[in-house]
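Summary of the model geometry
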Protein chains: 2
Amino acid sequence: MPKTLEFFFDYLSPYSYLASTQVEAICARTGAILVWRPVLLGAVFKATSNVGPATNPFKAQYLFKDLLRWTARYGLPELVLPEGFPSNSMKADRLGLVAQEQGRIERYTRAVYAAAFQRGQDIAQAPVLEAVLREAEIDPAPALARAESAEIKARLRVNTDDAVARGAFGVPTFFIGDEIYVGNDRLDFVEAALAR
Amino acid sequence: MPKTLEFFFDYLSPYSYLASTQVEAICARTGAILVWRPVLLGAVFKATSNVGPATNPFKAQYLFKDLLRWTARYGLPELVLPEGFPSNSMKADRLGLVAQEQGRIERYTRAVYAAAFQRGQDIAQAPVLEAVLREAEIDPAPALARAESAEIKARLRVNTDDAVARGAFGVPTFFIGDEIYVGNDRLDFVEAALAR
């Protein structure tokens, strides 16, 4: 029976972006099933009394160097941090769940992250999200309306609550069954576990 | 000209322990010079308004799982956390600098970390440190006296202040010239940079 990799992430998180560029290939190599699970990072932090590393100025300075090393390693364009980083990702997260209903979360995710971390755009802005949706071949107006539905709002809360209940305290966080792995830099542990 | 790898660490830090088991081999493979630089982690945290991950109970729970994955990967005995972790490492750190004067910091470091993270002993306790010194072939009484000297105390402060001035906010932290790398999990970046 194939294993399942649950990928908990938020569209405002640069390390989630990095991980998002690897998880499909990891699942392809190991025959695992990938489940994309957007969460609201702010709510995860609140529930776990955690804060992002960028809130400490000493860490923040290092963070950007580290991110550039990862984009170099992964062969991605040099990472840029969007203006006003970290932005409000609630709308982008909900639209991720709308994209998922339409079977388009992979391309939506690529488009959001390219806007944020390759072009430095603010994904809290409606025109940015509309362009992202079009890039993912999703009709913007009905998607934006659907993103405000009770079902989609509830689904984001369920993902977020489930992540916290199972031990997550940030993103990206990965689960293989009950086993938790935290951070883009643990993807080698993830791949080894999927390959076992 | 050979490159120099400066390894900033504290004897109370399990991730420093992990890194300590790898740095000699990395330098041997890349022809780099290894410089052991013990620091007082508490002072680094104070200077940078940082805290250890174990202070957040959600992170602490994950931390131990992560440490076990690393000891398995490195082929080390299953890690144990000492009683009263994190303990006071001031004396152990100063003794590291005494061991360094005697050209024995490698074996002293192995002995301290084995006591702490393989046998779960409290390295703040004098009898534990005396046994560690004997294991490292260091005469305990003069070493313990030397550890209280103004020179050794100043040297620990210099290491700590230098780490902070150059951007460190925790341990283990590595420098190759001005380039900073944070965490045992960045040793692959360190090795790649040394090999360049």
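The structure this text deals with has already been given above.
This report concerns the structure included in the present document. (Residues numbered from 1 in each chain as written. Chains lettered and ligands numbered in written order. Predicted model: local features only at pLDDT ≥ 70, side-chain atom pairs only at ≥ 80, totals over all residues. Heavy atoms only, no water.)

1. So, the interface of chain B and chain A
Where interface size is quoted, it is often the accessible area lost as the parts come together. Taken residue by residue, the interface counts 23 residues in chain B and 23 residues in chain A. Where chain B touches chain A, the interface holds eight salt bridges. Note that A:R69 is salt-bridged to B:E179, the shortest N-O span being 2.8 Å. Scanning the region where chain B abuts chain A turns up 18 residue pairs in polar contact (both at pLDDT 80 or more). Looking at the side of chain B that touches chain A, the elements with two or more residues in it are helix 3 (41-48), helix 4 (57-74), strand 4 (179-182) and helix 10 (187-195) of chain B. In terms of residue count, helix 4 of chain B provides more of the side of chain B that touches chain A than any other element does, eight residues in total. Of the residues in the side of chain B that touches chain A, the class split is ten nonpolar, four polar and nine charged. (Contact = heavy atoms within 4.5 Å. Salt bridge = Lys/Arg side-chain N within 4 Å of Asp/Glu carboxyl O. Polar contact = N/O pair within 3.5 Å; in protein donor to acceptor, adjacent residues only side chain to side chain. Helix = DSSP H or I, 4+ residues; strand = E, 2+ residues; numbered from the N terminus. Nonpolar A, V, L, I, M, F, W, Y, C, P; charged D, E, K, R; others polar.)

2. Some thoughts on the packing of aromatic side chains
In total, this model carries 30 aromatic pairs over all chains according to the counting rule given. Ring centres 5.4 Å apart and planes at 85 degrees place the aromatic pair A:Y11 and A:Y108 in the edge-to-face group. Within this pair, whereas A:Y11 is found in the loop between strand 1 (4-9) and helix 1 (14-20), its partner A:Y108 is found in helix 6 (residues 105-117), the two being separated by 97 residues in sequence. Each of the two residues, A:Y11 as well as A:Y108, counts as buried. The cationic tip of A:R73 hangs over the ring face of B:F189; the distance from NZ or CZ to the ring centre is 4.1 Å. (Phe/Tyr/Trp six-rings, centres within 6.5 Å; stacked < 30°, edge-to-face > 60°. Buried < 20%, exposed > 50% of the residue type's maximum accessible area, 1.4 Å probe, protein only. Lys NZ or Arg CZ within 6 Å of the ring centre and 35° of its normal.)

3. Overview of the pattern of salt bridges
Tallied over the full model, the rule gives 38 salt bridges over all chains. Residue B:R166 pairs with B:D162 through a salt bridge whose shortest N-O separation is 3.1 Å. Judged by its relative accessible area of 26%, B:R166 falls in the partly exposed class. Each of A:D66, A:D185, A:R186, B:D66, B:D185 and B:R186 takes part in a single network of salt bridges with overlapping partners.

4. Observations regarding helix 6 of chain A
In an α-helix, one full turn covers 3.6 residues, which means residues spaced three or four apart are oriented alike. Residues and elements named next belong to chain A. An ideal rise of 1.5 Å per residue puts 18 Å on 13 residues; helix 6 measures up with 18 Å between its terminal C-alpha atoms. Counting buried positions along helix 6 gives ten out of 13 residues, so the element sits mostly inside the fold. Taken together, the buried residues of helix 6 touch strand 1, helix 1, strand 2 (33-38), helix 5 (90-101) and helix 7 (126-135). (Expected span 1.5 Å × (residues − 1).)

5. Side note on the relation of the copies chain B and chain A
When chain B is fitted to chain A, the best match, at an RMSD of 0.0 Å, comes from turning it 180 degrees and sliding it 0.0 Å along the axis. The operation mapping one copy onto its partner corresponds to a two-fold rotation axis. The rotation axis passes nearest to the C-alpha of B:D185 in chain B, at a distance of 3.6 Å. (Least-squares fit on C-alpha atoms with pLDDT ≥ 70 in both.)

6. Points about the sheet that holds strand 1 (residues 4-9) of chain B
Residues and elements named next belong to chain B. With respect to topology, four strands assemble into an open sheet ordered 2-1-3-4, the strand pairing being mixed. Here the strands that pair on one side only, and so sit at the sheet edges, are strand 2 (33-38) and strand 4. On average, each strand axis in the sheet is inclined to that of its neighbour by 20 degrees, with strand direction left out of account. Here strand 1 pairs with strand 3 (residues 173-176) via three bridges, running antiparallel. Bridge assignment links F7 to a residue of strand 3, and that residue is F174. Contacts between helix 2 (residues 23-30) and the sheet are confined to strand 1, strand 2 and strand 3, with strand 2 contributing the most and set at about 155 degrees to the helix. (Pairing = 2+ DSSP bridges. Axes fitted to C-alpha atoms, helices over the stretch in contact; angles between N-to-C directions.)

7. Quick notes on the nonpolar core
A:L5, A:Y11, A:Y108, A:F174, B:Y11, B:Y108 and B:F174 are the most contacted members of the largest nonpolar core, which has 103 residues in total. Discounting chain neighbours no more than four positions away, the residues touching B:F174 are B:L5, B:E6, B:F7, B:A19, B:V23, B:E179, B:I180, B:Y181, B:G183, B:N184, B:L187 and B:V190. (Core = buried A, V, L, I, M, F, W, Y, C linked by side-chain atoms within 4.5 Å.)

8. A closer look at the pairing of strand 3 of chain B
Residues and elements named next belong to chain B. Because side chains alternate across strand 3, one face comprises the buried residues T173 and F175, and the other comprises F174 and I176, equally buried. Bridge count between strand 3 and strand 4: four bridges; the pairing is antiparallel. Each residue of the ladder has a partner; that of F174, found in strand 4, is Y181. Hairpin connection, strand 3 to strand 4: the antiparallel pair is bridged by two residues, and G177 has positive phi, about 60 degrees.

9. Focus: the sheet that holds strand 2 of chain A
Residue and element names in this part refer to chain A. Spatial ordering of the open sheet is given by 2-1-3-4, a layout of four strands whose pairing is mixed. Every other strand in the sheet has two partners, leaving strand 2 and strand 4 (179-182) as the edge strands with one partner each. Between one strand axis and the next, the sheet turns by 20 degrees as a mean value, whatever way the strands run. Pairing geometry for strand 1 and strand 2, over six bridges, is parallel. What sits directly across from E6, in strand 2, is V35. Along the sheet face, helix 2 (residues 23-30) touches strand 1, strand 2 and strand 3 (173-176) and points at about 155 degrees away from the line of strand 2. On top of the sheet, helix 10 (residues 187-195) reaches strand 1, strand 3 and strand 4; it is set at about 15 degrees to strand 3, its chief contact.

10. What to know about the environment of A:A32
Residues and elements named next belong to chain A. Along the chain, A32 falls in the loop between helix 2 and strand 2. Spatially, the C-alpha atom of A32 lies 6.8 Å from that of L194, the residues being 162 residues apart in sequence. Among all residues touching A32, those that are not within four sequence positions of it are K3, C27 and L194.

11. What about helix 7 (residues 126-135) of chain B?
All names here are of chain B. Taken together, the buried positions of helix 7 are V128, L129, V132 and L133. Projected down its long axis, helix 7 shows its buried positions confined to an angular sector of 135 degrees, all on one face. Among the exposed residues of helix 7, those pointing more than 90 degrees away from its buried face are P127 and R134. Residues of helix 7 that are buried make contact with helix 5 (90-101), helix 6 (105-118) and helix 8 (140-147). Following helix 7 by one or two positions, E137 adopts a phi angle in the positive range, close to 60 degrees. (Arc of directions from axis to C-beta.)

These values are about where atoms sit, not about what they do.
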